[in-house]
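One letter stands for each residue in the lines below.
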Amino acid sequence: IVDKPAIQFIIEEAIQSGIEEILIITGRNKRAIEDHFDRSLELEAVLEHKGNWELLEEIRYISDLADIHYVRQKEAKGLGHAVYCARKFVGQEPFALLLGDDLVVHEEPCLKQLLRVYQQFGGNVIALQSVPREQVSSYGVVASRVIAPGTHQITDLVEKPTREEAPSNYAIMGRYIIQPEIFDILATTAPGRGGEIQLTDALKTLLDSQSIIGYEFQGKRYDIGDKLGFLAATVEFALAREDLVRDFSKYLRQVVNNLPQETDPTA
Ligand code: G1P
């Protein structure tokens, strides 16, 4: 996004929320992630030699961000399976889970908002956002009872329901605080929607023995796993940058003025 790998925004959100130990669950062909957060002594030496202190500080900042560990998910068996890969790293403590496709922008980082709710209610906490009915099939969707402003006691969860099956239009967004008992459940969770092991299904089982709170977080969320969402994030993040806003706005105005008239009859 502009000049930063999207995952760095996620790492920064975790750190700004008070997280100190981070595990990135990667897949095949994702070595670039490890390289990005690693120290590059060769590059540092070149920059030092050239006296490029600004860039040197920037790349040192990246590698100093946090203690970052990696585990590789060897097969793409779903989000539930990816989370299960973290069981040894996490051990017997509650943990925060941030999905790399969801970027949230707000003064108070999204995860910090969830941690605030966790301090009050304990148990498990998930991020919620209401979505238009026609989009429910892209998300995990919950049934719930409102217990405080923006705060829901979850009573059911369904992964990617059809519009008819959806118990509400409150969708789960990619931020969770979860108790470690989820790992034993994941170990025996059968493949669900899409033939994948679904975290949502495991959370539904966890509901039999623990509370799950849903929180309608403040902030704008970008789905950067979606092409349009990625473009929106790129444009809006660039417009929020002091060093780019002038020239980029000028460019955008030109582009928009040269757009052909809308010809799509359904638009
Ligand atoms: C995953 C979860 C889904 C959640 C979504 C949020 O789906 O399975 O419950 O609503 O993330 O982005 P995915 O987007 O990986 O298909």
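Summary of the structure given here. Being a predicted model, the structure only gives us computed values, none of them experimental.

Should their charged atoms come close, side chains of opposite charge can pair. Taken as a whole and judged by the stated rule, the model has twelve salt bridges. Close ionic contact of K204 with D156 constitutes a salt bridge, the shortest N to O distance being 2.7 Å. A residue pair is termed long-range when its members are at least 10 positions apart, and K204 in helix α9 (residues 199-206) and D156 in strand β7 (residues 151-159) qualify at 48 residues. Each member of the salt-bridge network shares a partner with another, and the members are D3, R241 and D243.

It is worth spelling out the site of the ligand at this point. Taken together, L79, L99, D102, Y139, G140, E159, K160, I172, G174, Q198, T200 and R221 make up the full set of residues adjacent to the ligand. One nitrogen or oxygen atom from the side chain of D102 is found 2.8 Å from an oxygen atom belonging to the ligand. One nitrogen or oxygen atom from the side chain of K160 is found 2.6 Å from an oxygen atom belonging to the ligand. Contact with the protein chains hides 77% of the accessible area of the ligand, taken as 380 Å² for the molecule alone. A class-by-class count of the residues in the shell around the ligand yields four nonpolar, four polar and four charged.

Next up on the list: the pairing of strand β5 (residues 124-130). For β5, the tally of buried residues reaches five of seven residues, placing the bulk of the element in the interior. Across five bridges, β5 lies against strand β9 (residues 212-216) in parallel orientation. Each bridged residue has a counterpart across the sheet, and for L128 the counterpart in β9 is E216. In terms of strand pairing, β5 meets strand β8 (residues 170-178) through six bridges, oriented antiparallel. Along β8, the bridge assignment pairs Q129 with A171.

Rules and cut-offs
Positions within a chain are numbered from 1, following the residues in the order the chain's sequence is written. Totals for whole chains, interfaces and linings use all residues, but because this is a predicted model, local features are given only for residues with pLDDT of at least 70 and pairs of side-chain atoms are given and counted only at 80 or more. Derived side-chain values reflect all non-hydrogen atoms in the structure, with water molecules and hydrogen atoms excluded from consideration. Between Lys or Arg on one side and Asp or Glu on the other, a salt bridge is scored when a side-chain nitrogen of the former is within 4 Å of a carboxyl oxygen of the latter. Working definition: helices are DSSP H or I runs of at least four residues, strands are E runs of at least two. Numbering for both runs from the N terminus. We call a residue near a molecule or strand as soon as one heavy atom of that residue lies within 4 Å of the molecule or strand. Polar contact is the term for a pair of N or O atoms within 3.5 Å; when the atoms are in protein, one must be able to donate a hydrogen and the other to accept it, and sequence-neighboring residues count only if both atoms are side-chain atoms. Note on areas: these come from Shrake-Rupley sampling with a 1.4 Å probe, and a residue is covered only by the protein chains present in the view. Any residue outside Ala, Val, Leu, Ile, Met, Phe, Trp, Tyr, Cys, Pro, Asp, Glu, Lys and Arg is labelled polar, Gly included; the first ten of those are nonpolar and the last four are charged. The classification of residues rests on relative accessible area computed with a 1.4 Å probe and restricted to protein chains. Under 20% of the type maximum is buried, over 50% is exposed, and intermediate values are partly exposed. At least two bridges found by DSSP between two strands is the condition for calling them paired.

No statement about biological role is implied by the geometric values presented.
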